[in-house]
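Architecture and fold: a report
In case you want the letters, here they are:
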Amino acid sequence: MEELLKKTASEQRKALLNKEISAVELVNAEYKRIEEVDEKLGAFNSLCKEQAIETAKEVDKKIAEGEILPPLAGIPLALKDNINLKGTKTTASSKILENFVSPYDATVSVKLKENLIPILGKVNLDEFAMGSSTENSAFKLTRNPWDTNKVPGGSSGGSAASVAGYEATISLGSDTGGSIRLPASFCGIVGMKPTYGRVSRYGLIAFASSLDQIGPFGRCVEDTALLLEAISGHDSHDSTSLNMPVPAFSKALTNDIKGAKIGVIKELLAEGVAPDVKTAVENAIKKYKELGAEIIEISLPLLEYSIGVYYILATAEASSNLARFDGVKYGHRTKDAKNLLEMYTKTRAEGFGDEVKRRIMLGTYALSAGYYDAYYKKAQQLRRLIKEDFDKAFEKVDVLVSPTCPNTAFEIGSKISDPLSMYLTDIGTISANLAGIPGMSLPCGYDSDGMPIGLQILAPALQEEKLFNIAYNFEQAVKDTQKCPLI
């Protein structure tokens, strides 16, 4: 059974259809695994056993009746705890929402249920998805399955650690500036951020509405392609949702990329990249050359401004979005306020952690009278220019590649008191959110400590099929060298 938990979604599906195992047995095996290792990993905030078992029973019934099932029916999934699932706690790993029980389903949760995917529980994150290490959670520390003294990346650290630690086969996270790709890189799995608007944000607790996007994690490229198929599509509840047909992403996985033009982002392989990371990414580029792709160096000169642009726009949107958490309608409310203003201020002071407060203050300042034009407006103009840099690059190449992160997973506690150093972790990932394009991280090697290294691939908007295929070809070429975490 333990070996089956380490298999991909497709391999587990085969076992289900061949009746080697039932969906209920598979889900129960995951819960047993969670019981055994989650004390060490700290991935799960809460479990929803009843719902998951009910879904698994339905899958078994349909298999027994010979019905044709969706590709991921019965495959256990972990859900990031900022995505609403009716009847379960949705906390965003914040004290302000510690006891909030969701009264409705997010659109992706509805789609998971329609696809008969058992949702095991809600997984930990940086509070309100603000962070790069999952150390900002109000509840617990999530650890990296490859080395429990190191961070799993953030903000979707629980989503990545649960898949890498074999506590779930697939998971969903959200990505505002790299929050799927960075943990995928640190935990040695595949994670992808779709084109902005490809997946509905309805029911996702908003951090920065023009940047947030829900996306899949899996053990392999095919797992993420199948999960993206399941959750994509237009949604009338979300005004930014794209009214576009959903391609069969998993059908785009061919064994041919001869003649594909792959651009290497010069600025992201320059100084500041750890030697082991640089070597692994350069080897990946060589592998692409062997597979018949044409390699072209690409310069994105405005990339250096992306951190500054992001931390003005994201914090400005956060200060607006988080205004709703005031103790009036839901969530935590202070017990000892003498008047309304005091109730607001004490509730927020007690309920929000340091990083969330920091970002609310930064964003409020950037939007304040006298500073709006100097910061927010200027950042929006630069955002447009960064997007144009990508548009020009994609006229020359099919996809762009770079390290997902300049370094591998770092020690717990080593950057938490240095916000700027933590923010710079996202230098490679942020620009894709600013431009609204799809991006993926997949394993491409290991550093001298045996920690995984991620290769980032970026494609033009709505060209996820191209992205999946180019990633798949690399994955197939190096699959014999892939290792597993020791946990």
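Provided above is the structure to which this section pertains.
Below or above, wherever it landed, is the structure these notes cover. All figures in this text were calculated on a predicted structure; none of them were measured in a lab.

This part covers the sheet that holds strand β3 (residues 119-123). In spatial order, the strands read β1-β3-β2-β4-β6-β5-β10-β11-β9-β7-β8; together these eleven strands make up an open sheet with mixed pairing. The open sheet terminates on both sides in strands that have one partner only, identified here as β1 (44-47) and β8 (294-298). In this sheet, neighbouring strand axes are inclined to one another by 30 degrees on average, regardless of whether the strands run parallel or antiparallel. Summarising the sheet, strand β10 (residues 439-446) and strand β11 (residues 452-458) pair through seven bridges and their orientation is antiparallel. Note on β11: the bridge partner recorded for G439 is L458. Its contacts with the sheet put helix α9 (residues 275-290) on β7 (261-265), β8, β9 (399-403), β10 and β11, and the angle it makes with β11 is roughly 50 degrees. Strands in contact with helix α13 (residues 373-396) are β7, β8, β9 and β11; relative to β9, the strand with the most contacts, it is inclined by about 115 degrees.

A separate point is the pattern of salt bridges. Under the criterion given, the structure shown has 19 salt bridges. A salt bridge links K113 to D105, with the shortest nitrogen-to-oxygen separation between them at 2.7 Å. Classification of K113 by relative accessible area gives partly exposed; the value is 32%. The class for D105 is buried, based on a relative accessible area of 16%. Close ionic contact of D336 with K346 constitutes a salt bridge, the shortest N to O distance being 3.6 Å. Taken together, the residues D336 in the loop between α10 (306-321) and α11 (340-351) and K346 in helix α11 connect sequence positions ten residues apart. Look at D336 and you get partly exposed, because its relative accessible area is 46%. Overlapping salt bridges bring together D336, E342 and K346 as one network.

This next bit is on the packing of aromatic side chains. As enumerated under the stated definition, the model contains 16 aromatic pairs in all. These aromatic residues form a ring-pair network of at least three members: F100, F128, F325, Y330 and F352. Directly above the aromatic system of Y31 lies the positively charged group of K49, at a separation of 5.2 Å from the ring centroid. Positioned above the aromatic ring of F410, the side-chain terminus of K415 is 4.7 Å from the ring centre.

Moving on to helix α4 (residues 49-64). Taking 1.5 Å per residue, 16 residues should reach 22 Å; α4 reaches 22 Å between its end C-alpha atoms and fits that length. Turning to α4, its buried residues number three or more, namely A52, I53, T55, A56, V59, D60 and I63. Projected onto a plane normal to the axis of α4, the buried residues spread over an arc of 160 degrees and lie on a single side. The exposed residues of α4 that point more than 90 degrees off its buried face are E50, K61 and A64. Considering only its buried residues, α4 is in contact with α2 (9-17), α3 (23-41) and β3. Residue G66 follows α4 closely and has a positive phi angle near 75 degrees.

As for its placement among the helices and strands, S200 is situated in the loop between β5 (190-193) and β6 (214-218). Ignoring anything within four residues of it in the chain, the contact list for S200 reads T107, V108, I214, G233, D235 and D238. Of note is the side chain of S200, whose polar atom sits 3.1 Å from the backbone nitrogen of Y202. Within the local environment of S200, its side chain forms a polar contact with the side chain of D235, the two groups lying 2.6 Å apart.

A separate point is the pairing of strand β2 (residues 77-80). Here β2 shows two buried faces, one formed by L77 and L79 and the other by A78 and K80. For the handedness criterion, the β-α-β arrangement of β2, helix α5 (residues 107-114) and β3 is classed as right-handed.

Between α9 and helix α16 (residues 464-478), the shortest axis-to-axis distance is 10 Å and the interhelical angle comes to 100 degrees. Between α9 and α16, the interaxial angle falls into the category roughly perpendicular. Residue-level contacts link A284, K287 and Y288 of α9 to I470, A471, F474, A477 and V478 of α16. Residues belonging to the contact of α9 with α16 are distributed by class as follows: seven nonpolar, no polar and one charged.

Here is what the cut-offs are and how they apply
Residues numbered from 1 in each chain as written. Predicted model: local features only at pLDDT ≥ 70, side-chain atom pairs only at ≥ 80, totals over all residues. Heavy atoms only, no water. Pairing = 2+ DSSP bridges. Helix = DSSP H or I, 4+ residues; strand = E, 2+ residues; numbered from the N terminus. Axes fitted to C-alpha atoms, helices over the stretch in contact; angles between N-to-C directions. Contact = heavy atoms within 4.5 Å. Salt bridge = Lys/Arg side-chain N within 4 Å of Asp/Glu carboxyl O. Buried < 20%, exposed > 50% of the residue type's maximum accessible area, 1.4 Å probe, protein only. Phe/Tyr/Trp six-rings, centres within 6.5 Å; stacked < 30°, edge-to-face > 60°. Lys NZ or Arg CZ within 6 Å of the ring centre and 35° of its normal. Expected span 1.5 Å × (residues − 1). Arc of directions from axis to C-beta. Polar contact = N/O pair within 3.5 Å; in protein donor to acceptor, adjacent residues only side chain to side chain. Right-handed = clockwise from strand over helix to strand, strands pointing away. Parallel < 35°, antiparallel > 145°, perpendicular 65-115°, else oblique. Nonpolar A, V, L, I, M, F, W, Y, C, P; charged D, E, K, R; others polar.

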